[in-house]
Amino acid sequence: MPTYKLIYFNARGYGELARLLFAVAGVPYEDIRVERASWPNEYKAICPFGQMPLLEVDGKILAQSSAIARYLAMEFGMAGKDNWEQARIDMVVDSFGDILQDMRVPYLETDPEKKVQGADGFPGWGWRSGSDHRITLQEALVKQFVGESLPKRLGYLENILKENGGGQGFIVGDSLTWADLGVANSVDYLKLMCPNPFENFPLLAGLVQRVREIPQVAAWIAKRPETAT
Amino acid sequence: MPNYQLVYFNGRGRAELCRLIFHTAGVPFEDIRLDHTKGEWPGEWKAKCPFGQLPILVVDGKVLAQSRAAARYLAREFNLAGKTSWDQARADMFIDEFDDIGTEVVKFAFEKDEAKKAELSAKFYADTLPRHLGYLENLLKENNGGDGYFVGDSLTWAGLGIANVYDLLGGTDAPFAKFPLLLALAKRVRENPKVAEYLKTRAQTSF
């Protein structure tokens, strides 16, 4: 068994998909969490692109969150049964990257009048979070994300799920893959923008429920540190 | 041999990496370029797109969206993804970094306010880009001194990716002036016989 270390902020953010994979696979790893105030620290020099998350496998280093998650998924047999399924999974996961880009729009408002106030920052996401962050963002931009861009993208994902045997199983193929974990994980950051992101997408909501009820997932969610992001 | 169609606009953009992979592998494909001014987009294609966007890759009638997913699929099919699972993950890492660079370019490329565009572009070339290229130069150097490839000892889609970034940045050596290993690799890849032949004949486009 290789020795695994995951190095990231004390947050879910771009590290959580890897943590979910370790949890479902039941593979031990060192879950190194860096407090924002102490970044940059000694890890920065070994980060290939100066950023976390970082995966260390027997001392060898990998950066970029989706490369990390894909590598672990492949190692743990959660990446699809052939190249085509692997690609369809990649497609689903990449679409959440697009959702995150849309989600950044309200936070990247550069007009100082509308600039975000907040408690703790979230480096790498380019925005600040705080308990009342939604109030301080430009309301119109939040509405646009929640009312337009998000439902549009979730609609496509709902279709993809439906086309996979009716949508009561997994989003790709016939067993759990990291695409399903990605869908379930997205709820935690989408909730920063709206309380019930999958409200109008019953198949996606059903998938999230099923994933969160997997014993290893439920156990991890119960024990993981509570963080704002 | 499966039937391949790559559907995009008439430009390099988010489809060029797939095109480079096809050409390097010597695999024929239908290089469909839609002209939105003639109604070809959205046309009949949009409904076929899983996320309503291009590019899409169609393999024997089955559709794949998301440019990196499509390119990785092809790279794996044609043995250009890396020889081991670790090498493949490292190649993925480089590809994601190139995508980050592309995202930065897009931020000013479509800016309509000329003054703001100039400001963003200046900041990108003075600041953001050298930082990214610096990391890439170091990583290349760490692979046996840097006169080979990013990953392992043979060309992968990561190498094609940096050649694509070369074009994205205007197709001149200038942005790479301080990054000699990276520049040498980009040129080495562009001089690969199959790549060179493609570059000679491909359509000249504005993006």
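Residues numbered from 1 in each chain as written. Chains lettered and ligands numbered in written order. Predicted model: local features only at pLDDT ≥ 70, side-chain atom pairs only at ≥ 80, totals over all residues. Heavy atoms only, no water.

Trainee: Describe the nonpolar core, listing the residues and the values that go with them.
Mentor: Residues I171 of chain A together with F150 of chain B are the most contacted members of the largest nonpolar core, which totals 151 residues. In this structure F150 of chain B touches F94, F98, L136, L140, N143, A158, G159, I162, L182 and L185 of chain B, once residues within four positions along its chain are discounted. (Core = buried A, V, L, I, M, F, W, Y, C linked by side-chain atoms within 4.5 Å. Buried < 20%, exposed > 50% of the residue type's maximum accessible area, 1.4 Å probe, protein only. Contact = heavy atoms within 4.5 Å.)

Trainee: Account for the confidence of the model for chain A, naming residues and giving values.
Mentor: Atomic detail in the predicted coordinates should be set aside for any region of low pLDDT. Mean pLDDT over chain A works out to 89, with 87% of the residues at or above the 70 mark. A low-confidence stretch, residues 114–132 of chain A (pLDDT under 50), is modelled with 48 contacts involving residues beyond four sequence positions or located in other chains. (pLDDT = per-residue confidence, 0-100.)

Trainee: Can you explain the interface of chain A and chain B? Please cite residues and give values.
Mentor: Counting from both sides, the interface comprises 31 residues of chain A and, opposite them, 32 residues of chain B. Summed over both sides, the interface of chain A with chain B buries roughly 2900 Å², with 59% coming from carbon and sulfur. Among the residues of chain A in contact with chain B, F49, N83 and W84 of chain A are the three that bury the most area, contributing 25% of the side total. For the interface between chain A and chain B, the tally reads 2 salt bridges. Linking D90 of chain A and R72 of chain B is a salt bridge whose minimum nitrogen-to-oxygen distance equals 2.8 Å. Where chain A touches chain B, the interface holds 12 residue pairs in polar contact (both at pLDDT 80 or more). Where the side of chain A that touches chain B is concerned, the elements lending two or more residues are β4 (60–63), α2 (65–75), α3 (83–104) and α5 (139–163) of chain A. It is α3 of chain A that contributes the most residues to the side of chain A that touches chain B, 11 residues altogether. Grouping the amino acids of the side of chain A that touches chain B by side-chain chemistry returns 15 nonpolar, 7 polar and 9 charged. (Buried area = accessible area lost by both parts, 1.4 Å probe. Salt bridge = Lys/Arg side-chain N within 4 Å of Asp/Glu carboxyl O. Polar contact = N/O pair within 3.5 Å; in protein donor to acceptor, adjacent residues only side chain to side chain. Helix = DSSP H or I, 4+ residues; strand = E, 2+ residues; numbered from the N terminus. Nonpolar A, V, L, I, M, F, W, Y, C, P; charged D, E, K, R; others polar.)

Trainee: Outline helix α4 (residues 114–142) of chain B, supporting the account with residue identities and numerical values.
Mentor: Residue and element names in this part refer to chain B. When the terminal C-alpha atoms of α4 are compared, their 40 Å separation across 29 residues agrees well with the 42 Å that a helix rising 1.5 Å per residue should span. The sharpest bend along α4 reaches about 45° and sits at F124. Taken residue by residue, α4 has S121, F124, T128, L129, H132, L133, G134, L136, E137, L139 and L140 as its buried positions. Its side-chain oxygen 3.0 Å from the backbone nitrogen of A115, D113 forms the N-cap of α4. (Expected span 1.5 Å × (residues − 1). Bend = angle between axes of the 7 residues up to and from the residue.)

Trainee: Before we move on, could you go through the state of the cysteines and cite the residues and values that matter?
Mentor: All names here are of chain B. Under the definition given, this model contains 0 disulfides over all chains. A disulfide-free cysteine, C49 has its sulfur positioned 13 Å from the sulfur of C18, the nearest such atom. Residue classification places C49 among the buried residues on the basis of a relative accessible area of 4%. (Disulfide = S-S within 2.5 Å.)

Trainee: Let's hear about helix α1 (residues 16–25) of chain B: which residues, and what values?
Mentor: Residue and element names in this part refer to chain B. For α1, the tally of buried residues reaches 8 of 10 residues, placing the bulk of the element in the interior. All buried positions along α1 are accounted for by E16, L17, C18, R19, L20, I21, F22 and T24. Phi turns positive, to about 70°, at G26, one or two residues after α1.

Trainee: Mind laying out the side chain of Q66 of chain B, listing which residues take part and the relevant values?
Mentor: Along the chain, the position of Q66 of chain B falls in the loop between β4 (62–65) and α2 (67–77). Take Q66 of chain B: its relative accessible area is 14%, and that puts it in the buried class. With near-sequence residues (within four places) excluded, Q66 of chain B lies in contact with M91, D94, S95 and D98 of chain A together with F51 and P55 of chain B.

Trainee: Go over the pairing of β4 of chain B with me, naming the residues and quoting the values.
Mentor: Residue and element names in this part refer to chain B. Pairing analysis gives 4 bridges linking strand β3 (residues 56–59) to β4, with the strands arranged antiparallel. When the sheet's bridge partners are listed, L57 is paired in β4 with L64. The hairpin formed by β3 and β4 contains 2 residues between the paired strands, and D60 there has a positive phi angle of roughly 45°. (Pairing = 2+ DSSP bridges.)

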